[in-house]
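As a plain string of letters, each chain reads:
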Amino acid sequence: MTIDMNAYLGHWPFRRLRHNDAEGLLALMDRAGIDRACVSSASAIFYKNSQAGNEELAEQIAGHEERLIPFAVINPAYVDWEHDLGVCADEFGARGLRLYPNYHNYALGDACCRELIAAATERGMIVSIPIRQIDQRQRHRLLEIPDVALSDLEALVERHPEARFVFVNGAGFTGSRLGRADGGLPANYALGISRMRATIGDEVGTLVENLGADRVVLGTGMPFKYPEVALLKVEVLDAPEETKQAILGGNAEGLMGRLT
Amino acid sequence: MVIDAHAHLAWRAPGSNWEERDRALIDAADRLGIDRLACSNLCPRRPSVPEDFRQANEWAGESMREYPDRILAYCYVNPGWIREAAEEVRRRIGEGFIGVKLYNEYPCSEPVVFPLVELCIELGVPILHHAGHSHYYVAAQPRMSGGTQIAELANRYPEATIICGHLGGGGDWEWQIKALRSAPTAYADTSGSVVDEGMIEMAVRVMGAERLLFACDMSMTAGVGKVRGAQITEEQRAMILGGNFEGILAQRRAQRGGSR
């Protein structure tokens, strides 16, 4: 079972995405050999009311629940998020959140965010945070959104030891406490590999070694990115087949299993 | 034959692990099925001075001789040193270097670059030019060439072989591709860490597969994965992966009367 923990449907305002409806994404998954994907709305990142994006996502996923696992984009600084969280979890079947603190103008330590994470954790949902959505160098001239700081994530996982986090579209973890099992942080997070280096400067292999094979998950970033790139990183990983299978899907199944 | 058209060897700073880093490049090529790597060695102090770019090329030549079946060498110079750069290029091409690498010392459309381009035409070798286009001021690279400057140079010298560096090296790759549409003799390499889905397909559609060169620029799985994932014909993929670069290398051989 190959599970992508970093996938999207919907639109991005600054570049036309392809394969960004359910049929298109499923075809892309078939092409790449990906069985299931944790999917959130790309449109919701820019909608003021991100719940509208979650509604679009639910419409797209309907009938494809076996392969597309909804994650909800919730902005805790926006009015009525508590209601939206309930709808996403209870009606749309969302298994996790995607949070965008720098797009939605709040800090991970703000009271509203703490409340959201606590509420989602109470519901057994995973909290996924993309460190970035696009490469900074290609940003639109009107928009400069900084990456989520790894130091903020260190504080986050310490603040919520009971939560389960998945950080995607990140790199440079090997230089932080997040990249080491002996970093003094709770083992309540996993790291997606879409931006990590393999072979030269092998961050994927280093994390398997230093953090643990059970803490690294496949996350391609499709359809923003070619899914084949993340899969190739696992293919060339200098590790036993058992480790590769864990990264490709076993670890994600473990995270999802905790939800059921 | 798979040829990486844009790679780098390590600057051999005293006490550095340059041998290990160069070996890691070869190892990565082995694991990813890359037969040959077209490499330059860039000096860290830039704008570079003759003493430094001569040293960089001396080391690139040593690497080429150490790995004769794997490493092809570009001669790196700062075109502002008009006489010294020309002497260095002529010397190194005579030693078997396959082309010239220019970085960001000058926008490539400035007249100071022209004598070097004319020399490369005379010698029958390509120029790989660092390039990028962002929609904000890139303070670290005020003289970086964009696709428009590359196209301007290529159209000024249609008999030259100009390669626009790293479509995926950050910045607006759609801009780069569209800018190069009007320069039918210019090539682009596909390297860089950006693996946006659809990039290769657009480049093939707008520029033509015959003008694209597979490359990694040290982002090895990104370089291979995006070409692997692109929805193009196998004939187009083979052209991009090595066929086109073999054609460029043949220009030099033809100019030398078939001997090499």
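This brings us to the overall build of chain A. In terms of helices and strands, chain A carries nine helices and eight strands. Scaling as 2.2 N^0.38, a compact globule of 260 residues should have a C-alpha radius of gyration of about 18 Å, and chain A matches this with 17 Å. For the C-alpha atoms alone, the extent of chain A along its principal axes is close to 45 × 45 × 40 Å. Taken over 260 residues, chain A has a buried fraction of 53%. Taking the intrachain contacts of chain A between residues at least 6 apart in sequence as the baseline, contacts between residues at least 24 apart amount to 75%.

Residue and element names in this part refer to chain B. Spatially, eight strands are ordered β1-β2-β3-β4-β5-β6-β7-β8 in an open sheet, and the strand pairing comes out parallel. Looking at strand neighbours, the two that pair on one side only are β1 (3–9) and β8 (212–213), the edges of this open sheet. In the sheet, strand β2 (residues 36–41) pairs with strand β3 (residues 71–76) via three bridges, with the strands oriented parallel. Its bridge partner being in β3, L37 is matched across the sheet by I71.

A word on the interface of chain A and chain B. On the side of chain B, 25 residues touch chain A, which itself brings 21 residues to the contact. Each residue belonging to the side of chain A that touches chain B can be placed in one class, and the counts come to ten nonpolar, four polar and seven charged.

This next bit is on the packing of helix α6 (residues 173–180) of chain B against helix α7 (residues 199–206) of chain B. Residue and element names in this part refer to chain B. Viewed as axis vectors pointing N to C, α6 and α7 meet at an angle of 15°, and their least axial separation amounts to 9 Å. The angle between the axes of α6 and α7 places the two elements in the roughly parallel class. α7 is crossed by α6, and the crossing has right-handed handedness. Along its contact with α6, which presents W173, E174, I177 and K178, the element α7 presents M199, M202, A203 and V206. Looking at the contact of α6 with α7, its residues break down into six nonpolar, no polar and two charged.

Turning our attention to the pairing of β2(B). Residues and elements named next belong to chain B. With respect to burial, β2 is a largely interior element, six of its six residues being buried. Of the two faces of β2, the one holding R36, A38 and S40 and the one holding L37, C39 and N41 are both buried throughout. For β1 and β2, the ladder comprises five bridges, and the chain directions are parallel. For H8, the partnering residue across the bridge sits in β2 and is S40. For the crossover that starts at β1, traverses helix α1 (residues 18–32) and ends in the parallel β2, the hand is right-handed. Read as a crossover between parallel neighbours, the route from β2 over helix α2 (residues 50–66) to β3 is right-handed.

The next point concerns the environment of A:F71. Residues and elements named next belong to chain A. You can see F71 is positioned in strand β3 (residues 68–73). According to the C-beta neighbour criterion, F71 is buried, with 29 such atoms within 10 Å. Sequence spacing of F71 and V39 is 32 residues, and the spatial spacing of their C-alpha atoms is 5.6 Å. Residues in contact with F71, not counting those within four places in the same chain, are C38, V39, S40, A94, R95, G96, L97, R98 and S128.

This next bit is on the sheet that holds strand β1 (residues 3–9) of chain A. All names here are of chain A. In spatial order, the strands read β1-β2-β3-β4-β5-β6-β7-β8; together these eight strands make up an open sheet with parallel pairing. Edge positions in the sheet fall to β1 and β8 (216–217), since each of these pairs with one other strand and no more. Bridge analysis of strand β2 (residues 36–41) against β3 gives three bridges, and the strand direction is parallel. Counterpart to A37 in the pairing with β3 is L68.

What counts, and at which threshold
- Residue positions are given per chain, counted from 1 along the sequence in the order it is written.
- Labels follow written order: the first chain is A, the first ligand is 1, and so on.
- Where totals are concerned, whole chains, interfaces and linings use all residues; where local detail is concerned, this predicted model gives features only for residues with pLDDT of at least 70, and gives and counts side-chain atom pairs only at 80 or more.
- Comment: elements are numbered from the N terminus, with helices defined as DSSP H or I runs of at least four residues and strands as E runs of at least two.
- Radius of gyration: over C-alpha atoms. The globule rule applied is 2.2 Å multiplied by the number of residues raised to the 0.38 power.
- Residue burial is a threshold on neighbouring C-beta atoms within 10 Å of the residue's own C-beta, all placed from the backbone, with 20 or more meaning buried, 12 or fewer meaning exposed, and counts in between meaning partly exposed.
- Contact between residues is assigned whenever the C-beta positions, reconstructed from backbone atoms, fall within 7 Å.
- Two strands qualify as a pair provided that DSSP identifies no fewer than 2 bridges between them.
- Following the grouping adopted for this structure description, the nonpolar residues are Ala, Val, Leu, Ile, Met, Phe, Trp, Tyr, Cys and Pro, the charged ones are Asp, Glu, Lys and Arg, and the polar ones are all others, Gly among them.
- Note on definitions: angles span 0 to 180 degrees between N-to-C directions of axes, and those axes are lines fitted to C-alpha atoms, for helices only across the stretch in contact.
- Relative orientations are named as follows: roughly parallel for angles under 35 degrees, roughly antiparallel for angles over 145 degrees, roughly perpendicular for angles from 65 to 115 degrees, and oblique for any other angle.
- Working rule for handedness: look at the near helix, and if it is turned counterclockwise from the far one by less than a right angle, call the crossing left-handed; if clockwise, right-handed.
- Think of it like this: strands point away, you trace from the first strand over the helix to the second, and a clockwise trace means the crossover is right-handed.

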